Structures are given as structure tokens and as C-alpha cells.
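# Reading the structure
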Amino acid sequence: MNEADGRETRQLLMMRDTLRFFESGEITISTAVTELKSLVWELETVSDDWRDHFIGEWFHLEIEYASALSSGITPPDARYPGIRIAVARMSEMIEERLDVNE
């Protein structure tokens, strides 16, 4: 594995950890949204299509979080159905990329 692939793998592992921490309640949706947004833009070897698809799934979290804030209600967690689906899809995408990078 070259240096770029190693860096990419580390970024993907951090993204996977972020989703796992969010699912377990160790971090909030706010933290998950912020960390995933930062990490996805650090990936260098993914295609634009992959990144766009990931951001599309990430956007579900962002919208739910922003809606809760603007409505003055408690932000949803990973048990919320729409978020649970988006998290599962992002997790699947990350696992597929990790398999490619092995």
C-alpha cells in the first residue's frame, strides 16, 4: 500500500468510526455531521460520483439536524428512521471503499 492509499484508508476508518460513535450515541448528530463533512473532502482517490453519492446521504443528516434546530426541538439521533437508512448507506459505501483499498 502506498502512502496515498494509506492516508485514504485512515480517512475512511475515521469516517466509519464517526458513524459507529453516532449510532452508539457516543457523539451527537452535530458532531457526526461536522466530522463527516470534513473527512469526505479529505479523500483523494474516490471518484466524484462516489463523493457526490456520499454527500447526498450525509445531507439527510444535515437536513434533519438543521430542521430540528430551526424548530427548536431536540435533534434526532441514529434511531430516527431516515437517519438510520442514511447511516447504513454511508457505512456500506465506506466498507466498499475499504475493501478496494486493501
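Keep in mind that what you see is a predicted model, and the values were worked out from it rather than measured. (Residues numbered from 1 in each chain as written. Predicted model: local features only at pLDDT ≥ 70, side-chain atom pairs only at ≥ 80, totals over all residues. Heavy atoms only, no water.)

### A short note on the overall build of the chain
The condition that has to hold: Here a helix means four or more residues in a row that DSSP labels H or I, a strand means two or more in a row labelled E, and each is numbered from the N terminus. Based on C-alpha atoms, the radius of gyration is set beside the globule rule, defined as 2.2 Å times the residue count to the power 0.38. Any two residues having at least one pair of non-hydrogen atoms within 4.5 Å are treated as being in contact. To measure how exposed things are, a 1.4 Å probe is used in the Shrake-Rupley method; for residues, cover is taken only from the protein chains shown. We count Lys and Arg on the positive side and Asp and Glu on the negative side, and we leave His and both chain ends out. For charged residues, the charge sits on one atom: NZ in Lys, CZ in Arg, CG in Asp, CD in Glu.
A count of helical and extended segments in the chain gives four helices and zero strands. Moving toward the C terminus, one meets the helices and strands of the chain in the order α-α-α-α. Expected size for 102 residues packed as a compact globule is a radius of gyration near 13 Å; at 14 Å, the chain falls within 12% of this value. Dimensions of the chain along its principal axes, counting C-alpha atoms only, are 45 × 25 × 20 Å. Of all intrachain contacts in the chain linking residues separated by at least 6 positions in sequence, the fraction that spans at least 24 positions is 68%. A total of about 6100 Å² of accessible surface is found on the chain, and carbon and sulfur atoms cover 51% of it. If the 10 positive side-chain charges of the chain are averaged to one point and the 21 negative ones to another, these points end up 3 Å apart.

### Focus on the confidence of the model for the chain
Formally: The score called pLDDT rates the predictor's confidence residue by residue, from a low of 0 to a high of 100.
Overall, the predicted model of the chain reaches an average pLDDT of 94, with 96% of residues at or above 70. Averaged over each element, pLDDT in the chain is lowest for helix H1 (residues 3–24) (93) and highest for helix H2 (residues 29–40) (97).

### Describing the pattern of salt bridges
What counts here: Counted as salt bridges are all cases of a side-chain nitrogen of Lys or Arg within 4 Å of a carboxyl oxygen of Asp or Glu. Exposed residues in this analysis have more than 50% of their type's maximum accessible area, buried residues have under 20%, and partly exposed residues fall in between, with area computed by a 1.4 Å probe over protein chains only.
Evaluated as defined, the whole model comprises five salt bridges. The salt bridge partner of Glu57 is Arg89, with a shortest N-O separation of 3.7 Å. On the criterion of sequence distance, the pair formed by Glu57 in helix H3 (residues 48–71) and Arg89 in helix H4 (residues 81–101) is long-range, its members being 32 residues apart. Residue classification places Glu57 among the buried residues on the basis of a relative accessible area of 7%. The exposure class assigned to Arg89 is partly exposed, which follows from its relative accessible area of 42%. Between Asp77 and Arg79 there is a salt bridge, with the nearest N and O atoms lying 2.4 Å from each other. Overall, Asp77 belongs to the partly exposed group, its relative accessible area being 29%. On the basis of relative accessible area, Arg79 is assigned to the exposed category, the value being 63%.

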